[in-house]
Amino acid sequence: MSKNKKGEKILIIPKKIITVDCEDRILSGQAVEITKNKISAFVPISEINKNSYDEIYDAQNLILIPGFIQTHIHLSQTLFRGLAEDLPLLEWLRLKIFPFENAHDEKSLKITAQLSINELLLGGTTTLLDMGTLRYGEIVFNEMIQSGIRGFTGKCLMDVNDLFPEFKSTTKEEISDIQNLAHNYHNSEDGRIKYSFSPRFVLSCTEGLLKDTKEIMKDYPGSIYHTHSSENVNEINEVRKRFHKENIDYFNSINVLDDHTVLAHCVHTSDNEKKMLKERDTRIAHCPSANMKLGSGIAPIPQYLREGISVTLGADGAPCNNNLSIFNEMRLASLIQKPIHGSKAIDAKTMFRMTTIEGAKALHLQDEVGSIEVGKKADLVLIDLDSYSNNYSDTDESVYSNIVFSSTNENVKSVMVDGEWLVKNRESLMYDQKEIVSEGKAELKKLMKRI
Ligand SMILES: [Zn+2]
C-alpha cells in the first residue's frame, strides 16, 4: 500500500476538539486548519471558505484529540507475543526474550517493527520511545522513517549478560555502534526521528558503558537516556548484591539521572530514591499491564504524582502485555490504584493528560506535540465516541472518562502524524494487514529455527 501525499492545506471539521492546552479547553463549532505539517488555525465552522483547502475532512461525528504518546515500547518484541507466558521478569528474559531477540535477523526485525508500528498507529499512538534491540538498529530507524510515525529508538546496550551470555556485545562495539547510529539518525526527517541511548538495565551494562553513554549523549541535544529500573523484587535484590545500593541510588551515584532520563517501571523504590527522582527531574514510564503480567507489583504512581515527578505511560513489549493499546494502559493505570488509594486516585482527565501533553513534556517535545494548538505539529487522532459501548452522555465533562474507561483501539478512526494521514477510516495507509501478519508468521517460524 503506498503512502499518501502530505496535503498542502487540510481542514478537519470535528464535532469537538479536546485541545489539552493549558486551560484544557474543549472546543465546539471550530475546525482545525493544517498547513503542511503544522496546525495553522482554528476556523469557526460558519466562516469556512471551502475553496481554500486541498482537502476537507468532514468529521462532525468524531472527536479530535492529540495523538497519544507512549514512553516505553519494544518494537523488536511484537513478533513474540504469546510466547513468554506466566513467568517472572528474570526467567522471562533468560528463557524466552533474550534467546528470541538474539535470533533476530534483519528480515524478522523489520517485520516485527512493521507489526508494532501498524498496531500503535491503528490505536492512535503517534509518538513512541522504543528500547531497541542489540543488533541491526538501522532497520528499526528505517522502518520508523518509512512508516511516518514520530519517535525515538536506538541500540539496546548490553555488554554484560549473566542470564543469556550469547546475547551481548563488547563495550567498545557498543560505543562505536551508538556513535554511528546517533550520527546517522538523530533528528532525521526534520526532527521526527530522534535517538534514544538505551542501556537495557543495570544488570546488562558495565558502569563504564552506562557513564560513557551519558557522556556521548551530550553531543546529541534532544536525545533521551532510556533504561529499565526497579521493576521486580528479584532484580533489585541482584542489584543490591552487585552494587551494595538500590537501583536508582546506583544510577544517581554514577550521574546518569537527569531530566533527559526516562526510567521504565520504578515499581519498587525507597523514599530516598523517590527523593532522587524528584531532585534529578527524572521521568518515569509506567507500564501497568507489564507490571501485572510479570507479577512485578504496583508502582506507587499517586505518590510520584503528588511529589511532582513526571509519570507517563507505555505498553512495554507485546510478550509482557499482550497488547500495545494505550487504552488498555490508561484504564488499568487508573483502576489498579483505586483499591489502594481510593476511588478518586488518578481520574480520567489526569490519565488522558499523562498520555498526551505530559508524554510530550517527558520527551521534551511539548513545543511540537501533545496538544492541539496553533503552531504545533499536526499529530492528530479522530475518535468515534458514538459506539454502543461508549457513554450516552455527550457533555464535555464526560469526554475524558469516555476515552479512558470506555474506549479501545476500535474507536480510533483516523490518525495523522506530521500533517500526513497514516490511518483513515480505520484503514492503515501504510501497511497491508494481511500481508504483514502472514509475513510475520513466516519470519517467526524461521526465527524459531535459529534458536
Ligand atoms: Zn521494557
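Details of the structure are given in the entry above.
S.K.: Sorry if this is basic, but what is going on with the overall build of the chain here?
M.R.: Check the secondary structure of the chain and you find 16 helices and 18 strands. The C-alpha atoms of the chain give a radius of gyration of 21 Å, which matches the 22 Å a tight globule of 451 residues would have. Projecting the C-alpha coordinates of the chain onto the three principal axes gives extents of approximately 65 × 45 × 40 Å. For the chain, with 451 residues in total, the buried portion stands at 61%. The long-range share in the chain, meaning contacts at least 24 apart out of those at least 6 apart in sequence, stands at 74%. Taken as a whole, the chain presents about 17100 Å² of accessible surface, with 47% of it coming from carbon and sulfur. Computing the positive centroid from 54 side-chain charges and the negative centroid from 64, the chain places the two 2 Å apart.

S.K.: Help me understand helix α5 (residues 207-217) in this model?
M.R.: One full turn of an α-helix is made of 3.6 residues, so residues set three or four places apart face in the same direction. Every buried residue of α5 is accounted for by Leu209, Leu210, Thr213, Lys214, Ile216 and Met217. Each buried residue of α5 lies within a common arc of 160 degrees when the element is viewed along its axis, so the set occupies one face. On its buried side, α5 packs onto β9 (156-157), α4 (171-185), β10 (193-199), β11 (224-229), α7 (247-253) and β12 (261-265).

S.K.: How should I be thinking about the coordination of the zinc ion in this particular structure?
M.R.: Tetrahedral coordination by four donors puts the ideal angle at the metal at 109.5 degrees, and octahedral coordination by six puts it at 90 or 180 degrees. Here the zinc ion is held by the protein donor atoms His72 (NE2), His74 (NE2), His228 (NE2) and Asp316 (OD), which lie 2.0 to 2.2 Å from it. Metal-centred angles of 88 to 172 degrees between the 4 donor atoms at the zinc ion mark the site as irregular. Site description for the zinc ion: donor spacing in sequence, H-x1-H-x153-H-x87-D. Of the two residues, His74 is situated in the loop between β6 (68-73) and α1 (89-102) and His228 in strand β11; the sequence distance between them amounts to 154 residues. The class of His74 is buried, set by a relative accessible area of 3%. In this structure His228 comes out as buried when scored by relative accessible area, which is 7%.

S.K.: Would you take a moment to explain the packing of aromatic side chains for this structure?
M.R.: The geometry of an aromatic ring pair is captured by the separation of the ring centres together with the interplanar angle, meaning the angle of the planes. Scanning the model with the defined rule gives 12 aromatic pairs in all. With 5.7 Å between their ring centres and 15 degrees between their planes, Phe141 and Tyr195 make a pair best called stacked. Separated by 54 residues along the polypeptide, Phe141 in helix α3 (residues 137-147) and Tyr195 in strand β10 bring together distant segments of the chain. Comparing Phe141 with Tyr195, the two get one shared label, buried. Taken together, a centroid distance of 6.1 Å and an interplanar angle of 45 degrees make the contact between Phe197 and Tyr220 tilted. Residue Phe197 is located in strand β10, and its partner Tyr220 is located in the loop between α5 and β11; the two are separated by 23 residues in the primary sequence. The burial state of Phe197 is the same as that of Tyr220; both residues are buried.

S.K.: So what exactly am I meant to see when it comes to a nonpolar patch on the surface here?
M.R.: The grouping of Met292, Ile298 and Ile340 at the surface amounts to a nonpolar patch, some 240 Å² of accessible area in total. By the secondary structure assignment, Ile340 is in helix α12 (residues 338-341).

S.K.: Explain the side chain of Ser196 to me, please; I cannot follow it from the model alone.
M.R.: Along the chain, Ser196 turns up in strand β10. Judged by relative accessible area, Ser196 falls into the buried class, the value being 0%. Other than its neighbours up to four places away in sequence, Ser196 contacts Leu129, Asp130, Phe152, Thr153, Gly154, Lys155, Ile224 and His226.

S.K.: Explain the pattern of salt bridges to me, please; I cannot follow it from the model alone.
M.R.: Proximity of charged atoms lets side chains of opposite charge pair with each other. Per the counting criterion, the structure on display carries 33 salt bridges. One salt bridge connects Arg192 with Glu189, and the closest N-O pair in it is separated by 3.2 Å. Its relative accessible area of 5% is what places Arg192 among the buried residues. Salt-bridge contacts for Lys377 lead to Glu368; the nearest nitrogen and oxygen are separated by 2.8 Å. The pair formed by Lys377 and Glu368 is uniform in burial state, with each residue classed as buried.

S.K.: Would you mind going over the side chain of Lys155 with me for this structure?
M.R.: The topology assignment puts Lys155 in the loop between β8 (150-153) and β9. Here Lys155 falls in the buried class, since its relative accessible area comes to 3%. Within the structure, the side chain of Lys155 is placed 2.6 Å from the side chain of Glu174, a separation counted as a polar contact. Discounting chain neighbours no more than four positions away, the residues touching Lys155 are Met131, Thr133, Leu134, Glu174, Asp177, Ile178, Leu181, Tyr195, Ser196 and Ser198.

S.K.: Just to check I follow, could you spell out unusual backbone geometry for this structure?
M.R.: Glycine aside, residues mostly have negative phi angles, and peptide bonds mostly take the trans form. That bond from Asn321 to Asn322 is cis: its omega, 0 degrees, falls within 30 degrees of zero. Inspection of the secondary structure puts Asn322 in the loop between β14 (311-313) and α11 (326-335). In the Ramachandran plot, Asn187 falls in the positive-phi region, its phi being about 70 degrees despite a non-glycine side chain. Looking at Asn187, the relative accessible area reads 34%, which means it is partly exposed. Not every positive phi belongs to a glycine, and Ser230 is a case in point at roughly 55 degrees. Note on placement: Ser230 falls in the loop between β11 and α6 (233-243). When its relative accessible area of 0% is taken as the criterion, Ser230 is described as buried.

S.K.: Please explain the environment of Val381 as it appears in this structure.
M.R.: Of note, Val381 is situated in strand β15 (residues 380-383). Classification of Val381 as buried rests on a relative accessible area of 0%. Considering only alpha carbons, one finds Val381 and Asn118, 263 residues apart in sequence, at a separation of 15 Å. Here Val381 is in contact with Ile63, Leu64, Ile65, Pro66, Gly67, Gly124, Thr126, Val412, Ser414 and Val415, once residues within four sequence places are set aside.

Reading the values: the criteria
All residue numbers refer to position in the chain's written sequence, counted from 1. Two thresholds apply to this predicted model, a pLDDT of at least 70 for residue-level local features and 80 or more for giving and counting side-chain atom pairs, whereas whole-chain, interface and lining totals are computed over all residues. By convention in this description, side-chain values take in all heavy atoms of the structure and omit both hydrogens and water. Segments assigned H or I by DSSP are reported as helices when at least four residues long, segments assigned E as strands when at least two residues long, and all are numbered from the N terminus. Restricting the calculation to C-alpha atoms gives the radius of gyration, and the globule rule supplies 2.2 Å times the number of residues raised to the power 0.38. Here the term buried applies to any residue with accessible area under 20% of the maximum for its type, exposed to any over 50%, and partly exposed to those in between, with areas from a 1.4 Å probe on protein chains only. Here a residue-residue contact requires only that any non-hydrogen atoms of the pair lie within 4.5 Å. Accessible surface area values rest on a Shrake-Rupley calculation with a 1.4 Å probe, where residue burial reflects the displayed protein chains alone. The charge count includes Lys and Arg as positive and Asp and Glu as negative, but it does not include His or the ends of the chains. Lys charges are placed at NZ, Arg charges at CZ, Asp charges at CG and Glu charges at CD. As used here, the arc is the angular range of directions from the helix axis to the C-beta atoms. Metal sites are built from N, O and S donor atoms within 2.8 Å, or 3.2 Å for Na, K and Ca, and they leave out water, so they may look incomplete. The geometry test gives tetrahedral to four donors whose angles all lie between 85 and 135 degrees, gives square planar to four donors and octahedral to six donors whose opposite members are over 155 degrees apart with all other angles between 65 and 115, and gives irregular to the rest. Each Phe, Tyr or Trp ring, with Trp reduced to its six-membered ring, pairs with another whose centre is within 6.5 Å; inter-plane angles below 30 degrees give stacked pairs, above 60 give edge-to-face pairs, and intermediate values give tilted ones. Nonpolar side chains (Val, Leu, Ile, Met, Phe, Trp, Tyr) are joined into patches within 5 Å and like charges within 9 Å, using only residues with over 30% relative accessible area and no salt bridge. One speaks of a salt bridge when a side-chain nitrogen belonging to Lys or Arg is within 4 Å of a carboxyl oxygen belonging to Asp or Glu. Under this definition, polar contacts are N or O atom pairs within 3.5 Å; protein pairs additionally need one hydrogen-donor-capable and one acceptor-capable atom, and for neighbouring residues in sequence, both atoms have to be side-chain atoms.

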